[in-house]
Every structure is written in C-alpha cells, then in structure tokens.
Amino acid sequence: MKSLDTDPPTTPQTQLQQSANPLRGKICISLLVAFVILSGATILLLNTSFYKLKILTYTTLSRFVDSLDDQHDMASIMAQQKKQDWIYHGIVNIANKPFSVSLENIIQIAEHAGQIILEIYDSDVSTWDQQMKSNDTPLTKADIKANDYISAELKKMYPEIPIMTEEEEAANYAIRQSWKYYWCVDPLDGTKEFIKRAGDFTVNIALMYENQGVLGVVHTPVRKETHFGAIGVGAYVRRNVDKKPEIQDSTRIQVKEFRSSDAGLTLVCSKSHLDERTEAFMKTFKDPKTVSMGSSLKFLLVAEGVAHVYPRYGPTMEWDTAASQVIVEQAGGVVVNAETNQPLLYNKENLLNPYFICYGRKLEP
C-alpha cells in the first residue's frame with residue numbers, strides 16, 4: 001500500500017515554476033521599493049517646487065510692493081522738488097536766519113496789484129486823479145493804490161527787507177548802500193501807456209542782492225500774463241492768469257541766439273523814445289525788422305526770443321529795469337551798459353540808469 005504522505009513526483013516544469021516564484025517576488029518587492037522611492041522623490045520635488053514657487057511669489061510681490069513704495073517716495077520727492085523749484089534761496093542770512101523767497105507769493109502780489117490797476121483802468125478817466133510829478137512824469141490813482149498794496153504785502157511777508165519803489169522817496173544813499181537785500185518796485189511801469197489806454201503797462205517787482213537782481217516778476221494786467229525768473233530757477237511765463245493756472249503750468253522761455261552780422265534781426269524799440277541815437281544803432285544791422293512796444297514788454301520780447309535786441313538811449317530809472325533784467329538774464333540774455341558793455345548795476349547813488357542795450361544770446365564773430 002502506498003503512503004498518503006508521499007510528495008508528487010518532481011518534473012522539469014515544476015522545478016521551473018518553483019525557481020520562478022522567488023524571482024517574481026523579488027521583482028515585485030523591487031518594483032514596490034522603486035515606486036515608493038519614486039513617489040517620495042516626486043512628493044519631495046513637488047514640495048520643493050511649491051516652496052520655491054512660494055518664495056518666488058513672495059519675492060515678486062515684495063519687489064512689486066517695494067517698487068510701489070519707491071514710486072510713491074519718488075513721486076513725493078519730485079513733488080517736493082517741484083515745490084522747491086519755485087523758491088529763491090538767499091545767499092546770506094537775514095536777522096541771523098536762513099532766508100528764502102517764494103516766487104509764487106510775489107507772483108500773487110503782482111497779479112493782485114494788476115487787478116487793482118485794471119479796476120481803475122476800466123473806470124471813467126475823470127476818476128483817475130491824474131497829476132504830474134516833479135520829474136514831469138504822470139501819476140494816477142492806479143500808481144498810488146498799486147504801490148500801497150505791494151508795499152504793505154512785502155512788509156507783511158518780509159519785514160526785514162527794505163523797499164525801494166518809484167512812488168516813495170528813496171532812502172538816503174548813506175543808509176541804503178549797506179543794504180544786502182532790498183525790493184525794487186515799479187507798481188505801474190508805463191503810466192503813459194495806461195493813460196492812453198494802450199494796454200502796454202506792467203507791474204514790476206524785483207528782489208535785489210547788493211547791486212544786482214536775483215528775482216524778478218513782471219505782470220501785464222491787460223494781457224493777463226506774468227513773466228518771472230530767479231537765480232537757480234530760470235525764466236518762465238504764465239499765461240491766462242485770470243483762469244488761475246498752477247505755477248507748475250508755466251512755460252519756460254529762452255532768448256534767441258544770433259550774430260550781429262545776421263540779416264533780418266528783430267529790434268524792439270520804445271513807442272515813446274525813438275530818437276536819433278536809436279535810429280543810428282539800428283542802421284548797424286543788416287535789414288533789421290522792428291517792433292514797437294511800451295514799458296517792460298520790450299525786455300520780455302527779447303526774453304521770449306521774439307526779438308533779438310532792445311536798445312535804450314533814453315532815460316530810465318532802476319525800478320524800470322530791475323525785474324525785467326532778471327528775467328532776461330535767466331532766459332540766457334544780457335542787459336549791458338551801452339558804453340562799457342558791462343551788466344547794468346543797481347543801488348547806485350544816482351538811481352538813473354545809463355543808456356543800455358538788451359541782447360539775446362549774442363554769438364561772435
């Protein structure tokens with residue numbers, strides 16, 4: 001009888017299956033390990049990428065926020081700079097304090113004085129209180145009222161700075177020769193044009209340092225324009241002032257370059273003071289064009305580059321020219337003594353100007 005515990009016979013096929021079973025198990029284990037490793041690596045890679053993405057996003061956002069802050073800071077700086085650009089900073093202290101003048105303040109004073117003048121200009125002539133001064137120049141109520149307003153405002157804003165004005169007696173030279181800063185004012189330049197109702201009259205306010213101008217404002221009430229300039233600022237024109245534009249909307253002006261030998265240059269001459277010397281000077285140019293204008297507007301034509309030269313062989317006082325000279329100089333031109341060819345100087349013992357010539361940017365030869 002055969003034993004029931006006897007193993008089945010081993011065949012080659014059975015042996016192959018038996019040997020394959022462990023191999024298959026090892027492969028499965030290896031695949032499983034590989035899968036685990038690959039999954040871990042993938043998760044690690046994804047985590048790393050996500051972390052890097054978070055860092056990149058955070059960095060980008062931070063830089064964006066920083067850039068906004070920088071832009072805000074830059075805008076603030078530019079706004080502050082823009083504001084500072086309209087300020088003249090004094091060369092020396094006054095009353096032991098740093099000294100500066102806001103151009104905007106002086107412009108407002110000049111323009112309001114212009115409104116005072118226009119109210120009288122538009123009224124009946126019989127109310128103008130016309131009279132002749134001791135130097136045979138005309139005086140009206142408009143001159144006096146504009147002068148009173150300008151003087152009061154300047155004294156209120158800058159009490160330490162003395163004022164020289166056409167309509168008040170000038171301080172004795174022994175006193176004013178020690179002035180460092182002072183105001184030089186013509187409250188209504190071109191009174192003759194005012195009386196003719198020609199419109200060519202201006203309000204002139206200049207800040208002087210010793211014998212030269214450092215800030216000038218010239219307002220033309222009828223034209224509704226204000227020209228202004230200062231050392232460190234440049235020269236500008238503000239138009240349509242009745243619409244109260246921002247000072248930042250002003251337009252920078254520059255003189256024209258020219259040579260004396262150029263043909264067709266534009267010379268601006270006074271309506272009231274065209275004499276033989278002026279005509280002789282005009283003949284030194286080749287085919288010049290001429291334009292006539294009253295008061296300080298002659299300077300302004302040169303400052304804006306509309307005219308090249310303005311010769312003046314007639315009497316003027318320091319307050320007639322001070323503000324306009326600053327504007328011309330800051331626009332790139334010069335105002336020189338007709339005999340010495342040196343810049344016109346101020347706060348002289350005799351306040352009468354010498355004959356002078358205002359040039360744009362003259363190139364030689």
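Since this is a predicted model, take the numbers as computed values, not measurements.

Cut-offs applied
- Residues numbered from 1 in each chain as written.
- Predicted model: local features only at pLDDT ≥ 70, side-chain atom pairs only at ≥ 80, totals over all residues.
- Heavy atoms only, no water.
- pLDDT = per-residue confidence, 0-100.
- Contact = heavy atoms within 4.5 Å.
- Buried < 20%, exposed > 50% of the residue type's maximum accessible area, 1.4 Å probe, protein only.
- Helix = DSSP H or I, 4+ residues; strand = E, 2+ residues; numbered from the N terminus.
- Pairing = 2+ DSSP bridges.
- Core = buried A, V, L, I, M, F, W, Y, C linked by side-chain atoms within 4.5 Å.
- Phe/Tyr/Trp six-rings, centres within 6.5 Å; stacked < 30°, edge-to-face > 60°.
- Lys NZ or Arg CZ within 6 Å of the ring centre and 35° of its normal.
- Lys, Arg positive; Asp, Glu negative; His and termini not counted.
- Salt bridge = Lys/Arg side-chain N within 4 Å of Asp/Glu carboxyl O.
- Axes fitted to C-alpha atoms, helices over the stretch in contact; angles between N-to-C directions.
- Expected span 1.5 Å × (residues − 1).

**Student:** Got a minute to help me understand the confidence of the model for the chain in this structure?
**Tutor:** Fine structural detail should not be taken from predicted coordinates in areas where pLDDT scores are low. Mean pLDDT over the chain works out to 84, with 75% of the residues at or above the 70 mark. Low pLDDT (under 50) marks residues 12–16, which in the prediction has 1 contact with non-local residues, meaning those over four places away or in another chain. Contacts from residues 72–84, a stretch scored under 50 in pLDDT, to residues over four places away or in other chains number 2 contacts.

**Student:** What exactly am I supposed to notice about the pairing of strand 10 (residues 234–239) here?
**Tutor:** Moving residue by residue along a regular strand, the side chains alternate between the two faces of the sheet. Along strand 10, 5 of the 6 residues are buried, which leaves the element largely enclosed by surrounding structure. The pairing of strand 9 (residues 225–230) with strand 10 spans 6 bridges and is classified as antiparallel. Each bridged residue has a counterpart across the sheet, and for Phe228 the counterpart in strand 10 is Tyr236. Here strand 9 folds back onto strand 10 in antiparallel fashion, the turn holding 3 residues, of which Gly232 has a positive phi close to 85 degrees. Bridge count for strand 10 against strand 11 (residues 251–252) is 2 bridges, and the pairing is antiparallel. Directly across from Tyr236, in strand 11, lies its bridge partner Arg252.

**Student:** Explain the side chain of Thr191 to me, please; I cannot follow it from the model alone.
**Tutor:** Assignment of secondary structure puts Thr191 in helix 5 (residues 191–195). Apart from residues lying up to four places away in sequence, Thr191 is in contact with Pro138, Leu139, Thr140 and Asp143.

**Student:** Please explain the environment of Met157 as it appears in this structure.
**Tutor:** Among the structural elements, Met157 can be located in helix 3 (residues 141–157). Apart from the residues within four sequence positions on either side, Met157 is in contact with Asn105 and Ile109.

**Student:** Could you clarify how one ought to interpret the nonpolar core in this entry?
**Tutor:** Generally speaking, a soluble globular protein has its nonpolar side chains buried in company with each other. Formed by 42 residues in total, the largest nonpolar core has its most connected members in Ile106, Trp183, Ile205 and Leu207. Among the secondary structure elements, those contributing two or more residues to this core are helix 2 (103–121), helix 3, strand 6 (181–189), strand 7 (202–209), strand 8 (212–220) and strand 9. In terms of residues, this core owes the most to one element, helix 2, which gives 10 residues. Counting residues in each nonpolar core, the second largest holds 33 residues, with Val218, Val237, Tyr310 and Leu344 among its members.

**Student:** Just to check I follow, could you spell out the packing of aromatic side chains for this structure?
**Tutor:** Aromatic ring pairs are reported here in terms of the distance separating the ring centres and the angle at which the planes meet. Considering all chains together, one arrives at 19 aromatic pairs under this definition. Between Phe258 and Tyr359 the ring centres are 6.5 Å apart and the planes differ by 25 degrees, which places this aromatic pair in the stacked class. Highlighted residues: Phe258 in strand 12 (residues 257–259) and Tyr359 in strand 17 (residues 356–359), separated in sequence by 101 residues. As far as the burial class goes, Phe258 and Tyr359 line up, both buried. Plain terms: the ring middles of Phe281 and Phe285 are 5.3 Å apart, the flat faces sit at 70 degrees to each other, and that makes the pair edge-to-face. No difference in accessibility class separates Phe281 from Phe285, as the two residues are buried. Site record: aromatic cluster; members linked through ring pairs are Tyr88, Phe99, Tyr181 and Tyr209. Taking NZ or CZ as reference, Arg197 lies 5.9 Å from the ring centre of Tyr121, over its face.

**Student:** Would you mind going over the side chain of Asp186 with me for this structure?
**Tutor:** Checked against the element boundaries, Asp186 lands in strand 6. Buried charge without a salt bridge: Asp186, with Lys133 as the nearest opposite-charge side chain at an N-O distance of 7.1 Å.

**Student:** Help me understand the sheet that holds strand 9 in this model?
**Tutor:** To summarise the sheet geometry, strands pair through backbone hydrogen bonds and adopt either a parallel or an antiparallel arrangement. The strand order 5-6-7-8-9-10-11 describes an open sheet built from 7 strands, whose pairing is mixed. The open sheet terminates on both sides in strands that have one partner only, identified here as strand 5 (163–165) and strand 11. The sheet contact formed by strand 6 and strand 7 spans 7 bridges and is antiparallel. Bridge pairing links Val185 to Ile205 in strand 7. Contacts from helix 2 reach strand 6, strand 7, strand 8, strand 9 and strand 10 within the one sheet, and its direction differs from that of strand 8 by about 40 degrees. The strands touched by helix 8 (residues 318–330) are strand 5, strand 6, strand 7, strand 8, strand 9 and strand 10; relative to strand 8, the strand with the most contacts, the crossing angle is about 100 degrees.

**Student:** Hey, could you run me through helix 2 in this one?
**Tutor:** For an α-helix, the turn length of 3.6 residues means that residues three or four places apart are oriented alike. Counted at 1.5 Å a residue, the expected span for helix 2 with its 19 residues is 27 Å, and the 26 Å between its end C-alpha atoms agrees. Of the residues making up helix 2, those classed as buried are Leu103, Ile106, Ile107, Ile109, Ala110, Glu111, Ala113, Gly114, Ile116, Ile117, Ile120 and Tyr121.

**Student:** How do you make sense of the environment of Gly199 when you look at a structure like this?
**Tutor:** As for its placement among the helices and strands, Gly199 is situated in the loop between helix 5 and strand 7. Given the relative accessible area of 4%, Gly199 is considered buried. It is 9.9 Å that separates the C-alpha atoms of Gly199 and Leu118, two residues lying 81 residues apart in sequence.

**Student:** Mind showing me how you'd approach helix 8 here?
**Tutor:** Helix length check: helix 8 (13 residues) gives 18 Å between terminal C-alpha atoms against 18 Å at 1.5 Å per residue, within 8%. For helix 8, the complete set of buried residues consists of Glu318, Trp319, Asp320, Thr321, Ala322, Ala323, Ser324, Gln325, Val326, Ile327 and Val328. At the C-terminal side of helix 8, Gly332 shows a positive phi close to 105 degrees.

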